[in-house]
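# Analysis of the macromolecular model
So you can see what is in the structure, the chains are spelled out below.
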Amino acid sequence: MSKTYRTIQGDAWDSVAFRLWGRERLAHHLMAANPEHLDVVIFPAGVELAVPDMVAEPETPELPPWMA
């Protein structure tokens, strides 16, 4: 994981996932890569998040893991 994302004021896990990969439901990958920030719901500006390399996920109508 050499990529990073620096948050802007008001970012949330799902909005960052959408910005990076076009799918909010992939936020759990960001969360797993950044356990030190799991207590944050809305980020302030300037938090550096590790961005994991993504592998293709199958299209499913299921809820993301954090909503199940």
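Right, let's walk through the structure included here. (Residues numbered from 1 in each chain as written. Predicted model: local features only at pLDDT ≥ 70, side-chain atom pairs only at ≥ 80, totals over all residues. Heavy atoms only, no water.)

### Thoughts on the side chain of threonine 7
Formally: For helices the rule is a DSSP run of H or I covering at least 4 residues; for strands it is a run of E covering at least 2, with both sets numbered from the N terminus onward. Under this definition, polar contacts are N or O atom pairs within 3.5 Å; protein pairs additionally need one hydrogen-donor-capable and one acceptor-capable atom, and for neighbouring residues in sequence, both atoms have to be side-chain atoms. By the convention used here, residues are in contact when the closest approach between their heavy atoms is within 4.5 Å.
Structurally, threonine 7 can be placed in the loop between strand E1 (3-6) and helix H1 (13-21). One polar contact links the side chain of threonine 7 to the main-chain carbonyl oxygen of proline 44, over a distance of 2.6 Å. When near neighbours in sequence (up to four residues on either side) are disregarded, threonine 7 contacts Phe43, Pro44, Ala45, Gly46, Val47 and Leu49.

### Concerning the packing of aromatic side chains
Which entries qualify depends on this criterion: Any two of the Phe, Tyr and Trp rings considered here, Trp counted by its six-membered ring, make a pair once their centres fall within 6.5 Å; the pair's planes then place it as stacked at under 30 degrees, edge-to-face at over 60, or tilted in between.
Scanning the entire structure with this criterion turns up one aromatic pair. Aromatic pair tryptophan 13 and phenylalanine 43: ring centres 5.0 Å apart, planes at 75 degrees, arrangement edge-to-face. Pair noted here: tryptophan 13 is in helix H1 and phenylalanine 43 is in the loop between helix H2 (27-33) and strand E2 (48-51), with a separation of 30 residues, a long-range link.

### Description of the nonpolar core
We apply this condition: Residues belong to a common nonpolar core when they are buried Ala, Val, Leu, Ile, Met, Phe, Trp, Tyr or Cys residues joined through side-chain atoms within 4.5 Å. A simple rule labels every residue: compare its accessible area, found with a 1.4 Å probe on the protein chains alone, to the largest value its type can have, and call it buried under 20%, exposed over 50%, or partly exposed in between.
Judged by nonpolar contacts, Tyr5, Trp13, Val16, Ala17, Ala27, Leu30, Phe43, Val47, Leu49 and Val51 together constitute the single largest core of 10 residues. Looking at this core, the elements that each hand over two or more residues are H1, H2 and E2. Ranked by residue count, the leading element in this core is H1, at three residues. Once residues within four sequence positions are removed from consideration, leucine 49 is found in contact with Lys3, Thr4, Tyr5, Thr7, Trp13, Val16, Asn34, His37 and Phe43.

### What about H1?
Let me state the cut-off plainly: The directions from the helix axis to the C-beta atoms form the arc being described.
The set of residues buried in H1 consists of Trp13, Val16 and Ala17. Projection of H1 onto a plane perpendicular to its axis shows the buried side chains occupying an angular sector of 100 degrees, all on one side. Against the buried residues of H1 lie E1, H2 and E2. Just beyond H1, the residue with positive phi is glycine 22, at close to 80 degrees.

### Topic: the pattern of salt bridges
Definition in use: We count a salt bridge whenever a side-chain nitrogen from Lys or Arg sits within 4 Å of a carboxyl oxygen from Asp or Glu.
The tally for this structure, following the rule as stated, stands at three salt bridges. A salt bridge links aspartate 53 to lysine 3; the shortest N-O distance between them is 4.0 Å. Of this pair, aspartate 53 sits in the segment after E2 while lysine 3 sits in strand E1, and the two are 50 residues apart along the sequence. For aspartate 53, a relative accessible area of 57% puts it in the exposed group. When the shortest N-O distance is used, the salt bridge between aspartate 11 and arginine 19 registers 3.0 Å.

Keep in mind these values describe shape, not function.
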